[in-house]
Amino acid sequence: MRCLTIFGVLPALALLTTPLTAQDAPGTAPAKSASIPGLATAPMNARDLVTMPRLGAPVVNAAGTLAVYGVTTTDPESLERSARHYLLDLTRPGAVPVALDLGIKASSLAFGRDDRLHFLSSEHPDKSAKSRSRVWRVTLGKDGRSTAPEVVADIPGTDIAGFKLAPTGKAIALWAAIARSCPRFGCDDTAPGHLPGPGTGRLYDGADGFVRHWDSWNSPDTPNRVFVFGLEDGKVTGDGVPADGSDPSSGLVANTPTMPFGGGEDIAWAPDGGQLYFVARKADAQEPTSTNLDIYASDLSGAAPILLTAGNKATDTAPTPSPDGRYLAWLAMDRPTYEADRLSVRLLDLATGTVRSLTADTDLSFGSLTWEADGTGLIATAQAVLDTPAFRIDPATGTVTRLDLMAGNEAHIANLKALPGGRLLFTRDSLGAPAELYLSDAGGQARPLTDVATTRMGQMASIVTRRFSFAGADGDTVWGQITRLADQTGPIPAILYIHGGPQGSFNDSWSNRWNPRVVASQGYAVISVDFHGSTGYGQAFTDAINRDWGGKPLEDLQKGLAAALASDQQIDGSRACAMGASYGGYMVNWIAGRWPDRFDCLVQHDGIFDTRSFYFATEELWFPRWDFGGSYTAARETYERWNPANHVEQWKTPMLVVTGEQDFRVPYTQGLQSFTALQERGIPSQLLVFPDENHWVLGAKNSLQWHNTVFAWLDRWLVQEKTEAGE
């Protein structure tokens, strides 16, 4: 759950029109396309979205001459997913990517110092070998041919979860779930302490911290741990040195990578390979109420790691050493227990111990960080009014300069890598197009390197997205977007799209789940509003939702819908549905009781129904405590003021409820409560439950079912003839 901001007050509706790049699709066209007025080309459908090829993050060799990236494809019939990797010569403009055959399935790719490609795989060329995750390497030719894979790290009885190679090529960091009492990278005789037997029951102590997190039950005594191994002739040697310290009594007990979403970005090598920096949050009774992620340094001796960020009790993350090893940069928040606080750039001079906040005077929250190859500057990305552009930060002065890598049409820039010669490699996606790979020379206009989905998208009916702004709650300027088919003629039914977070945004970026383009392609005008609490408009705007969940955000949505309808006379406001997930699902429940006469239907996905029962069932307690002003006991009045359950007597709008049984953030019982309330009041309703999904719907078949169910629900209330019973 997350938030957003806005700067300036516009007394009248301001409108920016930006046609989005049309993209390609598989050949299946929706049966209803012929019924959409003005449309001559088949629009995108749900199967198109689910089977669209997906570009992965690129990896680059040290010289910046070669890149390897993955593309995930989905079989249109079986919906089975598979990945293929491609090699691209970055020295030749117009070079054609070459498909790789690595011999076995591969993930988590990385170039070594010798340009050999390293990767994880649970497969083995020897079919009789035991299945477990190992680190492998191959030598690549520019024609895409590779040598047979050879093992770099194979630890009997242990699945390697990830790795990071030292820049020197002489060491490797491996991580996996390893018992804290185990001095090696895996112990055969270690039994999980929370499973005492003889039955299947899990036993937890109050001092253990998380009992469950995101979508998994916790194993308190088996955290993610990092071990460092030497490399000889490209293979690991010894038992490894634990970065968290060899002695559990004096070392660190924590997860690295952090849970539930941490990865390789939590771990960084010093350029000389002499130290390892990593992110961790202590695993103890306070962990479910703490956002105090810290950065530690291990000298690789097995001694307890050194805490580098003791002065900050809020989040410190993304350790990024300078190429010369003199500085360590990272991203940091200022306010403890607030997960959506502004992330500023901190810089530690490792020679003097001096720490500076480089961007303290810049009202941007940075989401990624890397050094330029020559170490003269930092490159970061941050949301800025519906876009996510790149910025250069001067480490001497803290001056922040916005880069124009896409001639004013950055949309969403990600996976940015700084290459020698001032070049920048990155992915760019938008509301209209999935990610493609781009290269900028010396910060200039970038050129596309791939065509993973663009041509396919171009074969489908194009959309147009128009940005608009209006005076919202407290007279603040609020931004929104209208996405619709470019050639469709009215009247067009309206969908009010409500983002989650609440500190988040439906910014100009592609999504494989809540995708405005695929909804608009069904013949609807999708209207999204970055209400108070959204990100990308300054921290004060993001903070404005605090203890006001159903106040200013609802006012913004009401005014935003009216502004959007006034700006496009082809949109039929008399036929409208509202839909949202997470906080957006909460808002749908809130709308059901506080704006009950506006919509023909509602779609509520993983939304909070009862703030009281939610507080006592969710896992990350820092979130409700910050947003509602304390625990339920301490801030009961605020929780109940914004509690949808208190307004059920006003509910009358048909609602589709969607939930996942593995959702521990907003437990599926919240959805059952919503559905029970609808049934008791005799309101037309449906309940879609995924037993194998968490807070998101990720599986290909489940995603297709989700879209088919949602589209049928929208069609039922906005397109099909209404019956005398009101259906």
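Before any of the text, the structure's been laid out above.
Residues numbered from 1 in each chain as written. Predicted model: local features only at pLDDT ≥ 70, side-chain atom pairs only at ≥ 80, totals over all residues. Heavy atoms only, no water.

Caption draft 1: Local environment of the pairing of strand E4 (residues 66-74). Burial analysis of E4 places 7 of its 9 residues in the buried class, the great majority of the element. Pairing geometry for strand E2 (residues 54-55) and E4, over 2 bridges, is antiparallel. Note on E4: the bridge partner recorded for Arg54 is Thr72. Alignment of strand E3 (residues 59-60) against E4, held across 2 bridges, turns out to be antiparallel. Bridged to Val59 within E4 is Val68. As consecutive antiparallel partners, E3 and E4 are separated by 5 residues, and within that stretch Gly64 has a phi angle of approximately 70°, a positive value. Where E4 meets strand E5 (residues 81-89), 9 bridges bridge the pair, whose relative direction is antiparallel. Note that in E5 the partner of Thr72 across the bridge is Ala83. (Buried < 20%, exposed > 50% of the residue type's maximum accessible area, 1.4 Å probe, protein only. Helix = DSSP H or I, 4+ residues; strand = E, 2+ residues; numbered from the N terminus. Pairing = 2+ DSSP bridges.)

Caption draft 2: Molecular detail of the state of the cysteines. Going through the model one piece at a time under the given rule, you end up with 2 disulfides. A disulfide bridge connects Cys182 with Cys187, and the sulfur atoms are separated by 1.8 Å. Here the S-S torsion is close to 85°, and the disulfide linking Cys182 with Cys187 is therefore right-handed. One disulfide bridge connects Cys577 with Cys601, the sulfur atoms lying 1.7 Å from each other. Judged by the sign of its S-S torsion, about 110°, the bond between Cys577 and Cys601 is right-handed. Highlighted residues: Cys577 in strand E37 (residues 571-581) and Cys601 in strand E38 (residues 601-605), separated in sequence by 24 residues. (Disulfide = S-S within 2.5 Å.)

Caption draft 3: The sheet that holds strand E19 (residues 294-298), seen in detail. Pairing in this open sheet of 4 strands is antiparallel, and the strands run E17-E18-E19-E20 from one edge to the other. Two strands lie at the open edges of the sheet, namely strand E17 (267-269) and strand E20 (306-307), each paired on one side alone. With 2 bridges joining them, E19 and E20 adopt antiparallel strand pairing. Following the sheet pairing, Tyr296 is matched in E20 by Leu307.

Caption draft 4: Fine view of the environment of Arg145. Among the structural elements, Arg145 can be located in the loop between strand E9 (134-138) and strand E10 (150-153). We classify Arg145 as exposed; its relative accessible area is 65%. For the pair formed by Arg145 and Leu100, sequence separation is 45 residues and the distance between their alpha carbons is 6.5 Å. Each residue touching Arg145, except ones within four places of it in the same chain, is listed here: Thr139 and Leu140. (Contact = heavy atoms within 4.5 Å.)

Caption draft 5: Just the sheet that holds strand E22 (residues 327-332), in detail. Overall, antiparallel pairing links the 4 strands, which are arranged E21-E22-E23-E24 in an open sheet. Since the sheet does not close on itself, it has two edges, and those belong to strand E21 (316-321) and strand E24 (355-357), each with one partner. Averaged over all pairs of adjacent strands, the angle between their axes in this sheet comes to 25°, without regard to strand direction. Here E21 runs beside E22; their pairing, made up of 4 bridges, is antiparallel. Looking at the pairing, Thr320 lines up with Ala329 of E22. (Axes fitted to C-alpha atoms, helices over the stretch in contact; angles between N-to-C directions.)

Caption draft 6: Quick look at the nonpolar core. With 59 residues, the main nonpolar core has Ile498, Ile527, Trp549, Met587, Phe599 and Trp651 as its most contacted residues. Leave out the neighbours within four places in its chain, and Ile498 touches Phe506, Phe531, Leu557, Ala578, Met579, Gly580, Ala581, Gly584, Met587, Val588 and Ile591. Judged by nonpolar contacts, the second largest core, of 38 residues, contains Trp514, Val518, Val710 and Leu718. (Core = buried A, V, L, I, M, F, W, Y, C linked by side-chain atoms within 4.5 Å.)

Caption draft 7: Representation of the environment of Gln670 within the structure. Here Gln670 lies in helix H10 (residues 669-680). The class for Gln670 is buried, based on a relative accessible area of 2%. Considering only alpha carbons, one finds Gln670 and Phe609, 61 residues apart in sequence, at a separation of 5.5 Å. Not counting the four nearest positions on each side in its chain, Gln670 is found in contact with Gly607, Ile608, Phe609, Asp610, Ser613 and Phe614. A polar side-chain atom of Gln670 sits 2.8 Å from the main-chain amide nitrogen of Phe609. (Polar contact = N/O pair within 3.5 Å; in protein donor to acceptor, adjacent residues only side chain to side chain.)

Caption draft 8: Broad picture of the pattern of salt bridges. All told, the structure shown has 27 salt bridges when counted by the stated rule. The partner of Arg180 in a salt bridge is Asp244, with the nearest N and O atoms 3.5 Å apart. Note that Arg180 is positioned in the loop between strand E12 (171-177) and strand E13 (212-213) and Asp244 in the loop between strand E16 (235-242) and E17, a separation of 64 residues in sequence. A relative accessible area of 6% means that Arg180 is categorised as buried. A salt bridge links Arg346 to Asp334, with the shortest nitrogen-to-oxygen separation between them at 2.4 Å. One end of the pair, Arg346, is in strand E23 (residues 344-349); the other, Asp334, is in the loop between E22 and E23, and 12 residues separate them in sequence. (Salt bridge = Lys/Arg side-chain N within 4 Å of Asp/Glu carboxyl O.)

Note that all results are geometric; they support no functional claim without further evidence.
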